[in-house]
Amino acid sequence: MSSGIQKKRVAVLISGRGSNMTALIEAARAADYPAEIVAVIANKADAGGLETARTHGIAAHAIPHREYPSKQAHEAAVSDALRAAKAEIVCLAGYMRLMSAEFVGAWEGRMINIHPSLLPLFKGLHTHEQALDAGVRVHGCTVHFVTAGMDEGPIIAQTAVPVLNGDTADTLALRVLSVEHETYARALALVASGKAVMKDGRTVFSD
Ligand code: GAR
């Protein structure tokens with residue numbers, strides 16, 4: 001029976017294994033979840049998440065950036081796929097590709113990303129090494145709206161984990177990943193339901 005909820009159409013952009021993508025697909029199965037995953041797009045033909053998406057019955061497209069003459073041409077192809085899927089929200093889930101200001105602007109307030117650190121700490125790559133080098137005792141993940149500055153957009157949700165004695169970048173990455181999935185599903189629900197909106201460079205929350 002239909003729950004009557006108006007689900008927002010979501011496309012997920014990936015570059016690799018897609019464990020966060022899978023978490024969103026699984027969360028979106030719940031009748032009362034305010035989003036449905038309608039397409040998965042990878043910028044790499046061998047991204048493992050493509051096959052996983054297909055096994056979940058989700059349309060999955062490889063749009064390898066290497067096959068396009070420019071960033072602009074690649075983004076035009078991604079935009080076409082998003083339009084064809086009638087996507088209303090874009091989730092970046094391990095999408096390791098910087099986007100142009102034009103693309104980001106076109107999706108402002110409707111594109112979100114998960115980053116494996118407690119922003120604004122440790123932007124960019126190798127966040128777990130950065131955390132260990134800095135000697136912090138808590139680390140974690142952040143879901144934020146995507147804006148022109150890398151890893152800088154307004155924060156929607158964060159989860160902290162402890163840094164334990166003897167941690168390596170790998171053990172810390174696993175502990176962070178174990179909270180990324182729930183955090184991303186929670187953040188997407190807030191955005192898709194309109195309870196978290198981007199306004200004047202901030203995230204505004206309502207009940
Ligand atoms: C995740 O840890 C995600 O936070 C990170 O890539 C991994 C992708 O894993 N994203 C970034 O570093 C973005 N700057 P997944 O493919 O299993 O979701």
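This section reports on the structure supplied with the text. Treat the numbers as computed from the prediction; the structure is a model and nothing was measured.

Conventions we followed
Residues numbered from 1 in each chain as written. Predicted model: local features only at pLDDT ≥ 70, side-chain atom pairs only at ≥ 80, totals over all residues. Heavy atoms only, no water. Helix = DSSP H or I, 4+ residues; strand = E, 2+ residues; numbered from the N terminus. Rg over C-alpha atoms; globule rule 2.2 N^0.38 Å. Buried < 20%, exposed > 50% of the residue type's maximum accessible area, 1.4 Å probe, protein only. Contact = heavy atoms within 4.5 Å. Areas by Shrake-Rupley, 256 points an atom, 1.4 Å probe, with all protein chains shown as cover. Lys, Arg positive; Asp, Glu negative; His and termini not counted. Charge placed at Lys NZ, Arg CZ, Asp CG, Glu CD. Polar contact = N/O pair within 3.5 Å; in protein donor to acceptor, adjacent residues only side chain to side chain. Expected span 1.5 Å × (residues − 1). Pairing = 2+ DSSP bridges. Axes fitted to C-alpha atoms, helices over the stretch in contact; angles between N-to-C directions. Salt bridge = Lys/Arg side-chain N within 4 Å of Asp/Glu carboxyl O. Core = buried A, V, L, I, M, F, W, Y, C linked by side-chain atoms within 4.5 Å.

If you tally the helices and strands in the protein chain, you get six helices and nine strands. Computed over C-alpha atoms, the radius of gyration of the protein chain comes to 17 Å, within 12% of the 17 Å expected from 2.2 N^0.38 for 207 residues, which places it in the range of a compact globule. With the C-alpha coordinates of the protein chain rotated into their principal frame, the extents come out at 50 × 45 × 40 Å. When the 207 residues of the protein chain are sorted by exposure, 49% land in the buried category. Restricting to contacts in the protein chain with at least 6 residues of sequence separation, those with at least 24 account for 62%. Accessible surface, the protein chain: about 10,300 Å² in total, of which carbon and sulfur atoms supply 53%. Side chains of the protein chain give 20 positive and 21 negative charges; the mean places of these two sets differ by 3 Å.

Moving on: the side chain of H65. Examined against the element boundaries, H65 turns out to sit in the loop between β3 (60–62) and α3 (71–84). Look at H65 and you get buried, because its relative accessible area is 16%. Here N43 takes part through its side chain, which lies 3.1 Å from a polar atom of the side chain of H65. What H65 contacts, discounting residues up to four positions off in sequence, is N43, H74 and R97.

With that out of the way, let us pick up α3. Here α3 spans 20 Å end to end across 14 residues, near enough to the 20 Å set by a 1.5 Å rise per residue. If you check which residues of α3 are buried, you get H74, E75, A77, V78, S79, A81 and L82. Residue K86 follows α3 closely and has a positive phi angle near 55°.

As a further point, take the sheet that holds β3. The strand order β3-β2-β1-β4-β5-β6-β7 describes an open sheet built from seven strands, whose pairing is mixed. If you trace the sheet from one side to the other, it starts and ends with β3 and β7 (155–162), each paired once. Ignoring strand direction, the axes of neighbouring strands in this sheet form an average angle of 20°. As paired strands, strand β5 (residues 111–115) and strand β6 (residues 138–145) are joined by four bridges and run antiparallel to one another.

Okay, the pattern of salt bridges next. Applying the stated criterion across every chain yields a total of six salt bridges. The salt bridge partner of R175 is D167, with a shortest N-O separation of 2.7 Å. Across the pair, exposure class does not vary: R175 and D167 are buried alike. Note that R186 is salt-bridged to E182, the shortest N-O span being 2.6 Å. In this pair, R186 and E182 are both assigned in helix α6 (residues 169–192), four residues apart and thus about one turn of the helix distant. Note on E182: relative accessible area 43%, which makes it partly exposed.

This part takes up the nonpolar core. Core analysis: the largest hydrophobic core is formed by 38 residues, its most contacted members being V12, I37, V40, C91, I112 and L188. Once residues lying within four places of it in the same chain are set aside, the contact partners of V12 are M21, L24, I37, A39, V40, I41, C91 and A93.

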